[in-house]
Structure formats: structure tokens, C-alpha cells
Amino acid sequence: MGINNLIKVGILVSYDWEYLKQSLPIIYGHSDKITLAVDINRNTWSGNKYNLPDEFFNFIKGFDLENKISIYEDDFYDSSLTVMENDTRERRMLSDFMGEGGWHLQIDSDEYFIDYEGFVDFLKKSYKKHKDAVDIYCPVISLFKKNSEGYFFVIQSEDAIIKFPIATNKPDYVNARVGRNKIISTDFYIIHDTWARTEDQLLLKLSNWSHANDFDVKSYFELWKAIDKNNYKYIKDFHPLENKFWYKLEYVKSNSIPELLKFLTSNPEKLLAEKDKMFSLIKRIIKSFLRIFFKF
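What counts, and at which threshold
Residues numbered from 1 in each chain as written. Predicted model: local features only at pLDDT ≥ 70, side-chain atom pairs only at ≥ 80, totals over all residues. Heavy atoms only, no water. 1 Å grid on protein atoms, 1.4 Å probe; cavity = no way out; pocket = protein on both sides within 12 Å on 5 of 7 lines; lining within 4 Å. Points joined across faces, edges and corners; volume = space filled by probe spheres on them. Helix = DSSP H or I, 4+ residues; strand = E, 2+ residues; numbered from the N terminus. Nonpolar A, V, L, I, M, F, W, Y, C, P; charged D, E, K, R; others polar. Salt bridge = Lys/Arg side-chain N within 4 Å of Asp/Glu carboxyl O. Buried < 20%, exposed > 50% of the residue type's maximum accessible area, 1.4 Å probe, protein only. Core = buried A, V, L, I, M, F, W, Y, C linked by side-chain atoms within 4.5 Å. Axes fitted to C-alpha atoms, helices over the stretch in contact; angles between N-to-C directions. Parallel < 35°, antiparallel > 145°, perpendicular 65-115°, else oblique. Left-handed = near helix turned anticlockwise from the far one by under 90°. Contact = heavy atoms within 4.5 Å. Phe/Tyr/Trp six-rings, centres within 6.5 Å; stacked < 30°, edge-to-face > 60°. Lys NZ or Arg CZ within 6 Å of the ring centre and 35° of its normal. Arc of directions from axis to C-beta. Pairing = 2+ DSSP bridges.

*Asks:* Teacher, can you tell me more about the layout of surface pockets here?
*Replies:* To locate leftover empty space, one rolls a probe as large as a water molecule over the atoms. Of the volumes computed, that of the second largest pocket is approximately 990 Å³. Taken together, 43 residues make up the lining of the second largest pocket; nearest its centre are Asp87, Asp108, Arg177, Trp209 and Ser210. Sorting the residues of the lining of the second largest pocket by element identifies strand S1 (7-13), helix H3 (83-98), strand S6 (134-146), strand S8 (163-168) and helix H5 (199-208) as the ones contributing at least two each. Here the lining of the second largest pocket is composed, by residue class, of 19 nonpolar, twelve polar and twelve charged.

This is the structure in C-alpha cells:
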């Protein structure tokens, strides 16, 4: 494989490192290089201290049978910068460490691709086509809460789907993962295990989040605590920053993340609001027709 078609993945690691136990197995087999970025002083972007136990390093050592993973430790916290600026700074430093060439992917430890193999195949086929600098975006579905039987996850309306910039052939991050290159949008879904945590874990995450100062964390946390199987259907338009992005909640019984991903892979229609499903089906049929007869 040419150096310009390498799949190089960077992952930011901190207090929630254990989510790597779910995300790494998904990407490992179809990635060429994986770099884990860890603050050398164990600071978050907010300057709060966290502990990274020996278990983390032992897990990586035991998991990395093909020697694809490297750990990059540096000082990623600058007290003169905002949380978001520290986020962006770390991503830029990580991309510099990963080096020029190939596809640069930045995936957080709590993000799980539904079809990573398909996404990688898309990137490899796209490399010669996109000779200019491009940023590849993927739709993201958030897990909102977990109970003893399953998961509550966010349903989005097709006209307001959240997409994250995941891959680029020329890293140029200006606001977290957002760059200044031409945008290519895809339909490779990512499940973001961002809210389905214990109360203590969620409060820790929200307090250190890049958007921690952009909404009332305490008030929204109380809303989150109140959600259960009896009332989730009544929640509408509830994203903490811009409510239109989270249309409603859905609930699926599942005992684990792999089981949930398997279910969503087999039932992709569950990821869209009811009013969008027929439109989405028609759109897929038209795309398939065009590819067959016009080789798009």
C-alpha cells in the first residue's frame, strides 16, 4: 500500500479510556497506524487532574498484537486557552505527530463505527479522486442513557442530522476537528457513547467538555436523570446547545454495546425519525438506480 493511502487513526485518551475496550476492536483490523494521545501531566482541557492507571497501558500492550498502536504523551493543557482552544490545540499536535500523508482520522474513544470496513474502503477508493484537500464527515447518533435492560438513543430528523468531521487528507483543524477544507458528506454512521454513563461519569464528562460553558450543565443533568422508560417518548427537540438536532429518543433492549451495534446494523431505519424513513428509502433506491445505469 502506498504511503498516501494509509489509514492513520488518532484517538484522544483521558479519564474515560475504558471506552477504548469497545472502540479499538472495531477499527483495529482495518487501520494501518493508531496513535493514542495522552496528556503527560494527566490534565483535562479544563486543567482538572485525572488518573490513568497501569491497567490502561497493560490493556494496550495485550491488545496490540500487530504493533499498530503508539502512545503519544505531551503537554496538551495550556492555562491561557479556553477548553475548546485546548481541544483544537491537542488535535493539531496529534496530527503533526502522526505525520504527513495518508488519511488522518480522529476518533474519540467513545465513538463506534457501525461499518468501519466500509468507511475505510470508501476512503481508499476516494484518495485519487480527491486530489485537493478534503474533510470527510460522518453522521453521529448519540447514546443518551442506559438502564438495566437497554439504551436510550437519539433520533434525528433528516434535515438536521449532526455530522462530525472524521477523516481528512490534509489536517487543518481550526475548531476541534473542524477544518477549512472542502467538505465531503457520507452516510457511514457513528454511535457516540457520550451520555450513557453513570451519574458520576457523566458529570465528570460534562464538566470537562469543550462546551461546558455553553449551557446550564446542572439543569440539563437534572433532565437527564429524570428520563426513564415511562417518559422518554415525551422528550422532543432537546439538544443542550441547539435543540433541533435531537428530535426525540428511542429505546432498544440490549445488554452490551456489541449487541446494540449489531441490532442497529440490521435495522438502520431505527436511526431516522418516522417521518423521514420513506424519504430515505426512496433516496437510496434512486442512488442505486443511478449507480447501476450511469456508473456514478
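*Asks:* For this particular structure, what's the right way to read the pattern of salt bridges?
*Replies:* All told, the structure shown has 18 salt bridges when counted by the stated rule. The shortest N-O distance in the salt bridge between arginine 177 and aspartate 108 comes to 3.8 Å. Pair noted here: arginine 177 is in the loop between S8 and strand S9 (182-185) and aspartate 108 is in the loop between strand S4 (103-106) and strand S5 (111-113), with a separation of 69 residues, a long-range link. Judged by its relative accessible area of 9%, arginine 177 is buried. Across the salt bridge formed by lysine 229 and glutamate 149, the nearest N and O atoms sit 2.9 Å from each other. With lysine 229 in the loop between helix H6 (217-226) and strand S11 (248-253) and glutamate 149 in the loop between S6 and strand S7 (150-155), this pair connects stretches of sequence that are 80 residues apart. With a relative accessible area of 35%, glutamate 149 lands in the partly exposed category. It is possible to trace a salt-bridge network through shared partners that takes in Asp87, Arg91, Asp108, Glu111 and Arg177.

*Asks:* What is the right way to read the nonpolar core from this model?
*Replies:* Core analysis: the largest hydrophobic core is formed by 36 residues, its most contacted members being Leu105 and Phe119. Of all the secondary structure elements, the ones that give two or more residues to this core are S1, helix H1 (20-27), strand S2 (33-39), helix H2 (54-63), S4, helix H4 (116-126), S6 and S8.

*Asks:* In this structure, what is going on with the packing of H1 against H2? I would like to understand it.
*Replies:* Working note: a packed helix pair is described by the angle between its axes plus the distance between those axes. Running from amino to carboxyl end, H1 crosses H2 at an angle of 20°, the nearest separation of the two axes being 12 Å. Regarding the angle of H1 to H2, the classification is roughly parallel. Here the hand of the crossing between H1 and H2 comes out right-handed. In this structure, H1 uses Leu20, Lys21, Leu24 and Pro25 to contact H2, whose residues at the interface are Glu55, Phe56, Phe59, Ile60 and Phe63.

*Asks:* For this particular structure, what's the right way to read the packing of aromatic side chains?
*Replies:* Per the counting criterion, the structure on display carries 26 aromatic pairs. Grouping aromatic residues by their ring pairs yields a cluster made of Phe144, Trp195, Trp209, Phe215, Tyr220, Phe238 and Trp246. Between the NZ or CZ atom of lysine 145 and the centre of the ring of tryptophan 224, over which it lies, the distance is 4.9 Å. A cation over an aromatic ring shows up here: lysine 236 above the ring of tyrosine 247, its NZ or CZ 5.9 Å from the ring centre.

*Asks:* Explain H1 to me, please; I cannot follow it from the model alone.
*Replies:* For an α-helix the count is 3.6 residues per turn, leaving residues at separations of three or four pointing the same way. Regarding H1, the residues found buried are Leu20, Ser23, Leu24 and Ile27. Along H1, the residues classed as buried sweep out an arc of 100° about the axis, all on the same side. Looking at the buried residues of H1, the elements they touch are S1, S2, H2, strand S3 (69-74), S5 and H4.

*Asks:* Looking at this structure, how should I read unusual backbone geometry?
*Replies:* Working note: non-glycine residues mostly have negative phi, and peptide bonds are mostly trans. The backbone of arginine 42 shows a phi angle near 60°, a positive value even though the residue is not glycine. Relative to the helices and strands, arginine 42 resides in the loop between S2 and H2. Taking the relative accessible area as the measure of exposure, arginine 42 reaches 18% and is therefore buried. Located in the positive-phi region is alanine 176, a residue other than glycine, with phi close to 60°. Within the secondary structure, alanine 176 sits in the loop between S8 and S9.

*Asks:* Explain the environment of asparagine 58 here, please?
*Replies:* Tracing the backbone through its elements, the reader meets asparagine 58 in helix H2. Under the relative-accessibility criterion, asparagine 58 is labelled exposed at 53%. Sequence separation of asparagine 58 and aspartate 193 is 135 residues, and the distance between their C-alpha atoms is 23 Å.

*Asks:* How should the pairing of S4 be read in this particular structure?
*Replies:* Regular strands have side chains that alternate between both faces of the sheet. Burial along S4 is two-sided: Trp103 and Leu105 facing one way and His104 and Gln106 facing the other are all buried. One ladder, built from four bridges, connects S1 with S4; its direction is parallel. Bridge pairing in S4 links isoleucine 7 to tryptophan 103. Examined bridge by bridge, S4 and S8 share two bridges and lie antiparallel to one another.

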